[in-house]
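Below are the chains, spelled out letter by letter.
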Amino acid sequence: MKTTCILLAFLLAALLSIAPVSASNLDRQVLGLYKSSEGQTDKENEILFYLSGPLREMGLSVTYWDIDRGLPDEKIMRRVRAVISWYRGPSMNNPDAYLDFLEDSIDSGRKLVVFDNLGAYQDRKTGEYLQPGRLNLTLAKLGIMYFSDWTGDPELIQIVAKDNAMVEAGSRQDPALSQLFYRYIHHDRSLKVYLSLARKDRGYDPSPVIVSNCNGEIGRASWRERG
């Protein structure tokens, strides 16, 4: 099976606008976050497979970091101009501290790019899900607010609006392949929305699921090319 990432254009749009973190403008490191608990390693993860080539062409290199080891220290972060995460599932140890870390990264001027699952909806140790209010302290910095209402039934999910040039680079969007819906709402007037989904059994506004603002980007691919 061959899997092609839909969000390469999304990545390029995000990282081409990275502001310098240091006056010297010499550091070209991107922090790539993965979880060993989800079967990923620094030699086998989605960031390496899909994004390392485009990042290299942009003059950037990736420092891979297993978030299950804990948060990276200041020595690591001093070299980092942007943070990219690509997780497969919703849970991690100490998600509150992780969200604090993401907020600190944004506040320091680093871009944050979130592919696929945010990865911090649930505390793995306790099994408890974080309250939307806590998640939204972080997500608001990316221009959206989270209101749950999850469904994995593709029959209930429909595409309302899409930016074809951004989200259909190589294949069409297909909610049946994503099989995931969370309700989000706009929090930033300048938010750029590339894909909006809706639940057919709900009457509220469409959910913006691939978006960007001045702090970074967040999005989940909803197609896979197979071959």
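Look up: the structure comes first, before these words.
To start, this report covers the structure provided alongside it. Quick caveat, the model's predicted, so the values are computed rather than measured.

## Some points on the overall build of the protein chain
Okay, so step 1: Counting its secondary structure elements, the protein chain contains seven helices and twelve strands.
Okay, so step 2: Residue burial in the protein chain is summarised as follows: out of 227 residues, 51% are buried.
Okay, so step 3: Once local pairs closer than 6 in sequence are excluded, the contacts in the protein chain between residues at least 24 apart make up 78%.
Okay, so step 4: Summed over all atoms, the accessible surface of the protein chain reaches about 10800 Å², with 49% contributed by carbon and sulfur.

## A look at the pairing of strand β3 (residues 80-87)
Okay, so step 1: Counting buried positions over the eight residues of β3 gives eight, a clear majority of the element.
Okay, so step 2: As paired strands, strand β1 (residues 29-34) and β3 are joined by five bridges and run parallel to one another. Within β3, the residue paired with Val30 across the bridge is Ala82.
Okay, so step 3: Relative to strand β5 (residues 111-116), β3 runs parallel, the two sharing six bridges. Counted as the bridge partner of Tyr87 is Asp116 from β5.

## Considering the sheet that holds strand β12 (residues 216-219)
Either a parallel or an antiparallel arrangement is found when strands of a sheet pair, and the pairing is made through backbone hydrogen bonds.
Okay, so step 1: Spatial ordering of the open sheet is given by β2-β1-β3-β5-β12-β11-β10-β8, a layout of eight strands whose pairing is mixed. What marks the edges here is a single partner per strand, and that holds for β2 (61-66) and β8 (157-162). When strand polarity is set aside, the average angle formed by the axes of neighbouring strands in this sheet is 20 degrees.
Okay, so step 2: For strand β11 (residues 207-213) and β12, the ladder comprises four bridges, and the chain directions are antiparallel. Its bridge partner being in β12, Ser212 is matched across the sheet by Glu217.

## Notes on the pattern of salt bridges
Okay, so step 1: Scanning all chains against the criterion turns up eleven salt bridges.
Okay, so step 2: As a salt-bridge pair, Arg134 and Asp96 come within 3.2 Å of each other at their nearest N and O atoms. Separated by 38 residues along the polypeptide, Arg134 in helix α5 (residues 132-139) and Asp96 in helix α4 (residues 95-107) bring together distant segments of the chain.
Okay, so step 3: Judged by its relative accessible area of 36%, Asp96 is partly exposed.
Okay, so step 4: In this structure, the salt-bridge partner of Asp100 is Arg134, at a minimum N-O distance of 2.8 Å. Of this pair, Asp100 sits in helix α4 while Arg134 sits in helix α5, and the two are 34 residues apart along the sequence.
Okay, so step 5: Arg134 gets classed as buried once you look at its relative accessible area, which sits at 16%.

## Focus: the side chain of Asn45
Okay, so step 1: Relative to the elements of secondary structure, Asn45 occurs in the loop between β1 and α2 (46-57).
Okay, so step 2: A polar atom in the side chain of Asn45 sits 3.1 Å from the backbone nitrogen of Ile47.
Okay, so step 3: At a separation of 2.8 Å, a polar atom in the side chain of Asn45 contacts the main-chain amide nitrogen of Leu48.
Okay, so step 4: Ignoring any residue separated from it by four or fewer positions in sequence, one finds Asn45 in contact with Tyr34, Gln40 and Tyr64.

The rules behind these values
- Residues numbered from 1 in each chain as written.
- Predicted model: local features only at pLDDT ≥ 70, side-chain atom pairs only at ≥ 80, totals over all residues.
- Heavy atoms only, no water.
- Helix = DSSP H or I, 4+ residues; strand = E, 2+ residues; numbered from the N terminus.
- Buried < 20%, exposed > 50% of the residue type's maximum accessible area, 1.4 Å probe, protein only.
- Contact = heavy atoms within 4.5 Å.
- Areas by Shrake-Rupley, 256 points an atom, 1.4 Å probe, with all protein chains shown as cover.
- Pairing = 2+ DSSP bridges.
- Axes fitted to C-alpha atoms, helices over the stretch in contact; angles between N-to-C directions.
- Salt bridge = Lys/Arg side-chain N within 4 Å of Asp/Glu carboxyl O.
- Polar contact = N/O pair within 3.5 Å; in protein donor to acceptor, adjacent residues only side chain to side chain.

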